[in-house]
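Survey of secondary and tertiary structure
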Amino acid sequence: MPTGATHQLPPMDALEYHQRTKHSLYSIQTDPHYLDWENQPLPFKVYSTLEGIPLPRELNRGASASGALDVQDLARLLYYTAGITKTKVFPNGAEHHFRAAACTGALYHIDIYVACTNLPSLEAGLYHFGPHDFALRRLRRGDWRGVIAAATGAEPSIADAPITLLFTSTFWRNSWKYQSRAYRHCYWDSGTMLANLLGVAAADDIAARLVVGFADNPINELLDVDTEKEVSLACVALGRGHQTPDTTSPAPPITPLGLETTPLSGEELDYSAIRAAHAGSSLASAEAARLWRESSFRRHLPPVIGSLHRLGEEPSERLPIEKTIVRRGSARSFVRKLISQSTVSAIARAAFTDIDADFRSAEGDQPTASPTLNDLYLICNAVDGLASGTYVYRPDEDALELLRSGDCRGDAGHLDLGQSLAADASLNCYLMSDLDQVCDRMGSRGYRAAAIEAAIMGGRIYLAAYSCGLAATGLTFFDDDVTHFFSPHAAGKGVMFLTAVGKSGKNTPSVG
Ligand SMILES: Cc1cc2nc3c(=O)[nH]c(=O)nc-3n(C[C@H](O)[C@H](O)[C@H](O)COP(=O)(O)O)c2cc1C
């Protein structure tokens, strides 16, 4: 139940949270929630007393003399991850700003902070990135990377990186619409941003390692966020080979900042299940973070049973990542047209492109072991030369394994809460995870890893689709119905993300 005042719930196990926030026909039909437009939260965090430090608007890759990262690189990465890429003006003059990455409800509850050493044109410090004016605001002077590295239990990439980005969610900015399910959206919506970030970093040849395992308190204290309302979700170490901060000597004391921010709305409601789930997946110490990292594992894929359809060539013409991100915008409708098999190859491989992340295990490199915590299940409605039906992607074979053939548009349309988008899309891509296994091996923190991985994979599917001239949208779903639909293959797996792909009902962007 939402309340205006915060109250304590005991920490909640991730599996319990996931179970409690499943959509079903019953939960949707009996939900009395309505949108209180008068109380809609601001989609930005605005530090009202701090002067903005404008970022360069020149978005080409920077070229500092040493080849090291500079502020132009940072600006480019931030823009394509979280920048405003489109503005819609309504007849009453109100403006809505759309961002580089898809976000549930366009509510933009994810913020990015930057911790860096001295960079050309930017002093070492801890900064907040404001997409509204494309500026940084300095929260702390000095090099705080050692604090972050220490909190991760000396994860080597953080200690070695000149820049670390820290992603947070302010719950109310999303729970206003989605209530307790907003905690899932913390990972969905930071994951789509991470797909962009990792894509641009890869194109620029910048090392980028995602770190989900860290002691939560020291990072939240460093950012000085009110953890009843805003929490850190993930860190990304950018670049390599910079002077390693000394993590053995005590870090300078972290004093509270008490900085003013613009109120988000007249009233903020508290959904205690969100805080309880976050507490249940928090790590208490750097040592706990180090041990958690060691718990990563490779899953064994089940034997192939259905017929295999090997994936072939990808489209020869693709948009580069920057153009793809700027053109991306979730499809509001699809037309029922065939898409080519080559785009399906691009999409499946994009989802499974390696992610350098602390939850990915390098161990046990057997060909039938998957480094991912998620599997990709597909409903093919209209793919040229591929029978309509359901499939699972086999990364070990680079092939689609047929689960069931037949027309599934009706089922697809039901599974996304009865929206027509999934029925009309040519392809529905579900990321699903065996959460019992993940949480058994990696505890509730493993849930965060599985959730963010799924969203990165789903975000990459978005990007792959647009780079091939198609359109895509994230969609929500009836959890247990999806599992049942893909069973027996998917029995016991939780649904983590859905991206529908097809030809847009309006103005399909052309490649080139
Ligand atoms: C995980 C996820 C789930 C989404 N679910 C839905 C949905 O169920 N229905 C819908 O119409 N749009 C859905 N969207 C699309 C968002 O509404 C869209 O991203 C947002 O309005 C921002 O617009 P843009 O993606 O065009 O920039 C979803 C997006 C994401 C990332």
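Residues numbered from 1 in each chain as written. Predicted model: local features only at pLDDT ≥ 70, side-chain atom pairs only at ≥ 80, totals over all residues. Heavy atoms only, no water.

**Quick notes on the site of the ligand**
The condition that has to hold: Nearness is judged by heavy atoms alone; a residue qualifies as near a molecule or strand once a single heavy atom is within 4 Å of it. Definition of a polar contact: a pair of N or O atoms within 3.5 Å, with one able to donate and the other able to accept a hydrogen when the atoms are protein atoms, and with sequence-neighbouring residues admitted only if both atoms are side-chain atoms. All accessibility values rest on the Shrake-Rupley procedure with a 1.4 Å probe; residue burial counts only the protein chains present in the view. A run of H or I in DSSP becomes a helix once it reaches four residues, and a run of E becomes a strand once it reaches two; helices and strands are each numbered from the N terminus. Any residue that is not Ala, Val, Leu, Ile, Met, Phe, Trp, Tyr, Cys, Pro, Asp, Glu, Lys or Arg is counted as polar, Gly included; the first ten are nonpolar and the last four charged.
The immediate surroundings of the ligand are formed by 21 residues, with Arg-328, Ser-330, Arg-332, Gln-419 and Gly-474 found nearest. Arg-332 is positioned with one of its side-chain polar atoms (N or O) 2.8 Å from an oxygen atom of the ligand. Considered on its own, the ligand offers 610 Å² of accessible surface; in the complex 86% of this is hidden by protein. For the shell around the ligand, the secondary structure elements donating two or more residues are α7 (182-203) and β20 (471-474). When its residues are assigned to classes, the shell around the ligand shows 10 nonpolar, eight polar and three charged.

**Topic: the nonpolar core**
What counts is decided by this rule: Take the buried residues of types Ala, Val, Leu, Ile, Met, Phe, Trp, Tyr and Cys, join any two whose side-chain atoms come within 4.5 Å, and each joined set is a nonpolar core. Exposed residues in this analysis have more than 50% of their type's maximum accessible area, buried residues have under 20%, and partly exposed residues fall in between, with area computed by a 1.4 Å probe over protein chains only. Here the bounds of each domain stem from an automatic or database domain assignment. Whether two residues are in contact is decided by their heavy atoms, any of which lying within 4.5 Å being enough.
In terms of nonpolar packing, the biggest core is built from 137 residues, with Leu-165, Leu-210, Phe-359, Leu-376, Leu-427 and Tyr-430 touching the most fellow members. Looking at which element gives the most residues to this core, the answer is helix α15 (residues 435-467), with 19 residues. Two domains each donate at least three residues to this core, and these are domain 1 (2-18 + 37-293) and domain 2 (305-504). Once residues within four sequence positions are removed from consideration, Leu-376 is found in contact with Ala-348, Ala-351, Phe-352, Tyr-391, Val-392, Tyr-393, Cys-429, Tyr-430, Leu-431 and Ile-461.

**Re helix α10 (residues 286-294)**
As a reminder of what qualifies: Arc definition: it is the arc formed by the directions from the helix axis to the C-beta atoms.
Within the span of α10, buried status applies to Ala-289, Trp-292 and Arg-293. Viewed along the axis of α10, the buried residues span an arc of 100°, placing them on a single side of the element. Looking at the buried residues of α10, the elements they touch are α4 (145-151) and α15.

**Side note on the packing of α7 against helix α9 (residues 272-280)**
Our working definition: Think of each axis as a best-fit line through the C-alpha atoms, taken over the contacting stretch in the case of a helix, with angles from 0 to 180 degrees between the N-to-C directions. Here is the rule for angles: anything less than 35 degrees is roughly parallel, anything more than 145 is roughly antiparallel, 65 through 115 is roughly perpendicular, and the remaining ranges are oblique.
The geometry of α7 relative to α9 is characterised by a closest axis approach of 8 Å and an angle of 60° between their N-to-C directions. Relative to α9, the element α7 is oriented oblique. The residues of α9 that touch α7, namely those facing Ala-182, Tyr-183 and Tyr-187, are Ile-274, Ala-277 and His-278. Class assignment of the residues belonging to the contact of α7 with α9 gives a composition of five nonpolar, one polar and no charged.

**Things to note about the confidence of the model for the protein chain**
Keep this limit in mind: Confidence scores labelled pLDDT are given residue by residue by the predictor and lie between 0 and 100.
Per-residue confidence for the protein chain gives a mean pLDDT of 94, with 93% of residues at or over 70. Long-range and interchain partners of residues 508-512, a stretch whose pLDDT sits below 50, account for 15 contacts in this model, where long-range means more than four residues apart.

**Some details on the environment of Arg-409**
Residue position: Arg-409 is located in helix α13 (residues 409-415). Sequence separation between Arg-409 and Glu-51 is 358 residues, and the spatial gap between their C-alpha atoms is 53 Å. In contact with Arg-409, other than residues within four places in its own chain, are Arg-336, Asn-381, Ala-382, Ala-423, Asp-424 and Ala-425.

**Here's the deal with the sheet that holds strand β9 (residues 208-211)**
We apply this condition: We treat two strands as partners when DSSP finds at least two bridges between them.
With antiparallel pairing, the seven strands of this open sheet are ordered in space as β2-β7-β6-β5-β8-β10-β9. Strands at the two margins of the open sheet, each flanked by one partner only, are β2 (53-54) and β9. Of the pairings in the sheet, the one linking strand β8 (residues 163-170) to strand β10 (residues 230-238) comprises eight bridges and is antiparallel in character. If you follow Ile-163 over to β10, its bridge partner there is Leu-238. In this fold helix α3 (residues 71-82) packs onto β5 (110-116), β6 (125-130), β7 (135-141), β8 and β10, with an angle of close to 165° to the strand it touches most, β5.

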